[in-house]
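Here is how the chains run, residue by residue.
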Amino acid sequence: LTGDSNVTHEAGATYVDAGATWTDTVDGNGTVEENGTMTGSVDELTPGVYLLYYDLNDTFGNPATQITRTVTVVDTAAPVITLVGDANVTHEAGTAYVDAGATWTDNLDGNGTLDANETVNAMVPGVYVLSYHYADKAGNAATTVVRTVTVTEESIPVITLIGNADVAHEGGMAYLDAGAFRTDLSDGNGTVDANGTVNAMVPGTYR
């Protein structure tokens, strides 16, 4: 045999056999691949044990003692996870967060997409860590990949007056303010009362 009689081969990679050589007192020498026969095959995509047999007869029909090689195809390579998009994301509170996800590749299983195990509450500012996991059919686990999403609230709320900004009111009559309306991306909306007061018994300008 050229090389070892017992070979361990990683699944998914092309197997190239090292072959065998022969020597004969009359015929000389050479390789079994050229002058003899090698039987058996290796399925690189299916883990298991494969036997390869090498045979040769000299020009007088004398057979050489058959030799074998044992090839064990194993799947020990872990898949690889790759983030789609950035590992650190800043997101404005109040708007829906749509995660870009991740992809995985594996020598045997092929490839695919992944969703994060966790979620982001886009209504609550804070730091959220999303993790992506995958194990192939052989149980080899990929290294976990994470994305950090920081939900911030940088936009200011908006106040809209109900009614006019300038109001003329007759003294002596109770003043009822129309108030104002507020909207905010994360806090939602509602009404706002004025901080000041109007003394309807005293003519003047009130803000």
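Residues numbered from 1 in each chain as written. Predicted model: local features only at pLDDT ≥ 70, side-chain atom pairs only at ≥ 80, totals over all residues. Heavy atoms only, no water.

1. Re the sheet that holds strand β4 (residues 37-39)
Turning to step 1, where the next piece is worked out: The strand order across the open sheet built from four strands is β1-β6-β5-β4, with neighbouring strands paired in mixed fashion. Edge positions in the sheet fall to β1 (6-10) and β4, since each of these pairs with one other strand and no more. Neighbour-to-neighbour, the strand axes of the sheet open up by a mean angle of 25°, direction not taken into account.
Turning to step 2, where the next piece is worked out: Where strand β5 (residues 48-55) and strand β6 (residues 67-74) come together, seven bridges link them in antiparallel fashion. Bridge pairing in β6 links valine 49 to threonine 72. (Pairing = 2+ DSSP bridges. Helix = DSSP H or I, 4+ residues; strand = E, 2+ residues; numbered from the N terminus. Axes fitted to C-alpha atoms, helices over the stretch in contact; angles between N-to-C directions.)

2. With respect to the packing of aromatic side chains
The description of an aromatic ring pair rests on the distance of the ring centres and on the angle between the ring planes.
Turning to step 1, where the next piece is worked out: Counted under the stated rule, the structure contains one aromatic pair.
Turning to step 2, where the next piece is worked out: Considering the side-chain rings of tryptophan 104 and tyrosine 134, the 4.1 Å spacing of their centres and the 10° angle between planes classify their relative orientation as stacked. Highlighted residues: tryptophan 104 in strand β9 (residues 102-106) and tyrosine 134 in the loop between β11 (126-132) and β12 (145-152), separated in sequence by 30 residues. A single burial state applies to tryptophan 104 and to tyrosine 134, both of which are buried. (Phe/Tyr/Trp six-rings, centres within 6.5 Å; stacked < 30°, edge-to-face > 60°. Buried < 20%, exposed > 50% of the residue type's maximum accessible area, 1.4 Å probe, protein only.)

3. With respect to the pairing of β12
Turning to step 1, where the next piece is worked out: Sheet topology places strand β8 (residues 88-92) next to β12; five bridges connect them, and they run parallel. The residue of β12 that forms the bridge with valine 89 is valine 149.
Turning to step 2, where the next piece is worked out: In this sheet, β12 lies alongside β11 in antiparallel orientation, the contact comprising seven bridges. If you follow valine 127 over to β12, its bridge partner there is threonine 150.

Keep in mind these values describe shape, not function.
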